[in-house]
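The residues making up each chain are set out below.
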Amino acid sequence: SMPSVKDYTAKLRHDHSSRLIISGVDIAQSLSGISLKLMAFENLLKDYPIYQKKVVLIQKCLVPGNRILDEVNTLSEVRKLVQRIKKKFGPHVIDYEEINGSSLQVDKRVALWKVSDILMSTPIREGLNLLPQEYVYCRKKPSHPGVIITSEFAVVSSVLNGSLRVNPFDIKNTVTTLDKALTMTTQEKDTRRARDEAFVTSCTSSQWTRSVLQ
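Residues numbered from 1 in each chain as written. Predicted model: local features only at pLDDT ≥ 70, side-chain atom pairs only at ≥ 80, totals over all residues. Heavy atoms only, no water.

### Focus on the overall build of the protein
Along the protein, the regular secondary structure elements total nine helices and six strands. For 214 residues, the compact-globule formula gives about 17 Å, and the C-alpha radius of gyration of the protein, at 16 Å, lands near that figure. Oriented by its inertia axes, the alpha-carbon framework of the protein measures out at about 45 × 40 × 40 Å. Looking at the protein residue by residue over its 214 residues, the buried ones come to 50%. (Helix = DSSP H or I, 4+ residues; strand = E, 2+ residues; numbered from the N terminus. Rg over C-alpha atoms; globule rule 2.2 N^0.38 Å. Buried < 20%, exposed > 50% of the residue type's maximum accessible area, 1.4 Å probe, protein only.)

Structure below.
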């Protein structure tokens, strides 16, 4: 693996030393459901105070600049929520960054997947997003297994059946699902990973397209 991956991984571990890491990399547009994700995270910290010192959400917002009005509105809403959560629960619960462009550098992504206990991608509507697959691939054996929380409105939820599915509008259920992911036994994580790993490592892009279209 690239030396830069090691550096980024070390930096992330250092910045969030003892916390469980929930991560998200989303396009800053309303369909990505970032605000709903943040509300669920806020409610998790409120309903389960034990997590206030134990978890961090690393949220990267990609700003491609192709739907200006939507992006401006989304970012304004997301920033307000980030500020509100930090004000209530302290600066260490969220690590938030906005990135110009439509993707995060591959070495930074791989580093993020390597340290993330949970990948949370909960769009309101989405076509094919390959990041959850990439996460599965980066966490394959002998790495520790991670957990993917995805939206029932995302194509990826129909192909990765090891993931936990939520309706992002149902904040209460998303909170319960986050708690489930954070307390899941290694054995269950392993079983779920095995289902997805087999799919991600054996599937060619044409099979992919076929299973998605079905």
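### A word on the sheet that holds strand β4 (residues 118–121)
If you walk across this open sheet you meet the six strands as β3-β2-β1-β4-β5-β6, and the pairing is parallel. If you trace the sheet from one side to the other, it starts and ends with β3 (94–100) and β6 (164–166), each paired once. The average angle at which neighbouring strand axes cross in this sheet is 20°, direction not considered. Where strand β1 (residues 20–27) and β4 come together, two bridges link them in parallel fashion. From the neighbouring strand, serine 23 faces β4, where its bridge partner is leucine 119. Of the strands in this sheet, β1, β2 (55–63) and β4 touch helix α4 (residues 106–115), which is tilted by about 145° from β1. (Pairing = 2+ DSSP bridges. Axes fitted to C-alpha atoms, helices over the stretch in contact; angles between N-to-C directions. Contact = heavy atoms within 4.5 Å.)

### Overview of the pairing of strand β5 (residues 147–151)
Taking burial as the measure, the five residues of β5 include five buried ones, the bulk of the element. Burial of the side chains of β5 extends over both faces: Val147, Ile149 and Ser151 are buried on one face and Ile148 and Thr150 on the other. Relative to β5, β4 runs parallel, the two sharing four bridges. The residue bridging leucine 119 from the neighbouring strand is isoleucine 148, located in β5. Note on the crossover from β4 through helix α5 (residues 131–138) to β5: the handedness is right-handed. In the sheet, β5 pairs with β6 via three bridges, with the strands oriented parallel. The partner of isoleucine 149 across the bridge, within β6, is leucine 164. (Right-handed = clockwise from strand over helix to strand, strands pointing away.)

### Quick word on the pairing of β1
Taking burial as the measure, the eight residues of β1 include six buried ones, the bulk of the element. Relative to β2, β1 runs parallel, the two sharing eight bridges. Its bridge partner lying in β2, aspartate 26 is registered against cysteine 61. Read from β1 through helix α2 (residues 34–47) to β2, the crossover connection turns out right-handed.

### Here's the deal with unusual backbone geometry
Omega for the bond connecting lysine 141 with proline 142 falls within 30 degrees of zero, at 5°, which places this linkage in the cis form. Looking at where proline 142 falls in the secondary structure, it is placed in the loop between α5 and β5.

### Structural notes on the nonpolar core
Membership of the largest hydrophobic core comes to 35 residues, with the highest contact counts inside it found for Ile22, Leu38, Phe41, Leu45, Ile85, Ile94 and Ile149. Per-element tally for this core: the top contributor is α2, with seven residues. (Core = buried A, V, L, I, M, F, W, Y, C linked by side-chain atoms within 4.5 Å.)

### Some words on the packing of α4 against α5
Between α4 and α5, the shortest axis-to-axis distance is 9 Å and the interhelical angle comes to 65°. The interaxial crossing formed by α4 with α5 has right-handed handedness. Residues Arg109, Val110, Trp113 and Lys114 of α4 form the contact with α5, whose own contacting residues are Leu131, Glu134, Tyr135 and Cys138. Of the residues belonging to the contact of α4 with α5, the class tally is five nonpolar, no polar and three charged. (Left-handed = near helix turned anticlockwise from the far one by under 90°. Nonpolar A, V, L, I, M, F, W, Y, C, P; charged D, E, K, R; others polar.)

None of the figures reported here should be taken as evidence of function without further support.
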